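Letter by letter, the chains look like this.
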Amino acid sequence: YEGTSWQKIPNFDSLKAVSEGVVTDIDLVPFRRRRDQWGVRFTAQLNVVAEGTYTFFLTSDDGSRLVIDGKVIVDNDGSHGTLEKSGMVMLTAGAHVFVLDYFNDVGPEALDLAIEGPGMARRPLPVSMLTFGQSKEAEVDKK
């Protein structure tokens, strides 16, 4: 997505994407078509092996938001330098709808997502837990 004067994540549902495709990782490099005022939405299926409480650590420059099963887990929105925020959620074993939104206002960009959970020390979210191009759209609860 491309925009002008964004200070927070825009409503991507109301915008026309400049391009779409299936990726194999959460990586901003393929989306750098311009320096400033752009965004991306990653959708996937999050596959959880063990039921339990999971903590997600979302680091970004500028805004980002992690939504699982339609619920905002981490809201790190706004125009800011590199900043980490975290959130916890109870997940059952199985598949969950995963949406990660990101936008870059001006200057450098950064996006990293880490996870900690049952039997899992904090580490970058393993790509093996995601199935890209397989998720069903979920309504984002922006509370």
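Thresholds, definitions, all that
Residues numbered from 1 in each chain as written. Predicted model: local features only at pLDDT ≥ 70, side-chain atom pairs only at ≥ 80, totals over all residues. Heavy atoms only, no water. Pairing = 2+ DSSP bridges. Helix = DSSP H or I, 4+ residues; strand = E, 2+ residues; numbered from the N terminus. Axes fitted to C-alpha atoms, helices over the stretch in contact; angles between N-to-C directions. Phe/Tyr/Trp six-rings, centres within 6.5 Å; stacked < 30°, edge-to-face > 60°. Buried < 20%, exposed > 50% of the residue type's maximum accessible area, 1.4 Å probe, protein only. Lys NZ or Arg CZ within 6 Å of the ring centre and 35° of its normal. pLDDT = per-residue confidence, 0-100. Contact = heavy atoms within 4.5 Å. Salt bridge = Lys/Arg side-chain N within 4 Å of Asp/Glu carboxyl O.

### Digging into the sheet that holds strand 7 (residues 110-117)
Working definition: the strands of a sheet are paired by backbone hydrogen bonds and lie parallel or antiparallel to each other.
Alright, step 1. Strands sit in the order 5-2-7-8 across an open sheet of four strands; the sheet is antiparallel. Here the strands that pair on one side only, and so sit at the sheet edges, are strand 5 (83-91) and strand 8 (120-124). When strand polarity is set aside, the average angle formed by the axes of neighbouring strands in this sheet is 15°.

### Examining the packing of aromatic side chains
Alright, step 1. A full pass over the atoms with the stated rule returns four aromatic pairs.
Alright, step 2. Look at Tyr1 and Phe12: their rings are 4.3 Å apart centre to centre, the planes differ by 20°, and that puts the pair in the stacked class. Taken together, the residues Tyr1 in the segment before strand 1 (38-48) and Phe12 in the segment before strand 1 connect sequence positions 11 residues apart.
Alright, step 3. Seen from their ring centres, Trp6 and Phe103 are 6.5 Å apart, and the 70° between their planes marks the pair as edge-to-face. In this pair, Trp6 sits in the segment before strand 1 while Phe103 sits in strand 6 (residues 94-104), placing the two residues 97 residues apart along the sequence. Across the pair, Phe103 and Trp6 agree in class, each one buried.
Alright, step 4. Feature note: the residues Tyr1, Trp6, Phe12 and Phe103 constitute an aromatic cluster, connected by ring pairs.
Alright, step 5. The cationic tip of Arg122 hangs over the ring face of Phe57; the distance from NZ or CZ to the ring centre is 3.8 Å.

### Some thoughts on the confidence of the model for the protein
Alright, step 1. Chain-level pLDDT for the protein is 90 on average; 93% of the residues reach the 70-or-more range.
Alright, step 2. In the predicted structure, residues 135-143 sits below a pLDDT of 50 and forms 16 contacts with residues beyond four places in sequence or in another chain.

### Focus on the sheet that holds strand 1
Alright, step 1. The antiparallel open sheet is built from five strands, whose spatial order is 4-3-6-1-9. In the strand order of this sheet, the two ends are held by strand 4 (71-76) and strand 9 (130-132), each with one partner. Sheet twist, expressed as the average angle between the axes of neighbouring strands with direction ignored, equals 25°.
Alright, step 2. Summarising the sheet, strand 3 (residues 64-68) and strand 6 pair through five bridges and their orientation is antiparallel. Following the sheet pairing, Ile68 is matched in strand 6 by Phe98.

### Here's the deal with the pattern of salt bridges
Alright, step 1. Taken as a whole and assessed by the stated rule, the structure comprises five salt bridges.
Alright, step 2. In this structure, Arg65 engages Asp101 in a salt bridge whose closest nitrogen and oxygen atoms are separated by 3.9 Å. Residue Arg65 is found in strand 3, and its partner Asp101 is found in strand 6; the two are separated by 36 residues along the sequence.
Alright, step 3. Given the relative accessible area of 9%, Arg65 is considered buried.
Alright, step 4. For Asp101, a relative accessible area of 2% corresponds to the buried category.
Alright, step 5. Put simply, Asp13, Arg41, Arg65, Asp77 and Asp101 are held in one network by salt bridges that share partners.

### Brief notes about unusual backbone geometry
Alright, step 1. At the junction of Asp61 and Asp62, the peptide bond is cis and its omega measures out at 15° in the coordinates.
Alright, step 2. One can find Asp62 in the loop between strand 2 (52-61) and strand 3.
Alright, step 3. A positive phi angle is found at Gln37, which is not glycine, with a value near 60°.
Alright, step 4. Looking at the secondary structure, you find Gln37 in the segment before strand 1.
Alright, step 5. The phi dihedral of Asp69 falls on the positive side, at around 55°, and the residue is not glycine.
Alright, step 6. Considering the arrangement of structural elements, one finds Asp69 in the loop between strand 3 and strand 4.
Alright, step 7. Under the relative-accessibility criterion, Asp69 is labelled partly exposed at 42%.

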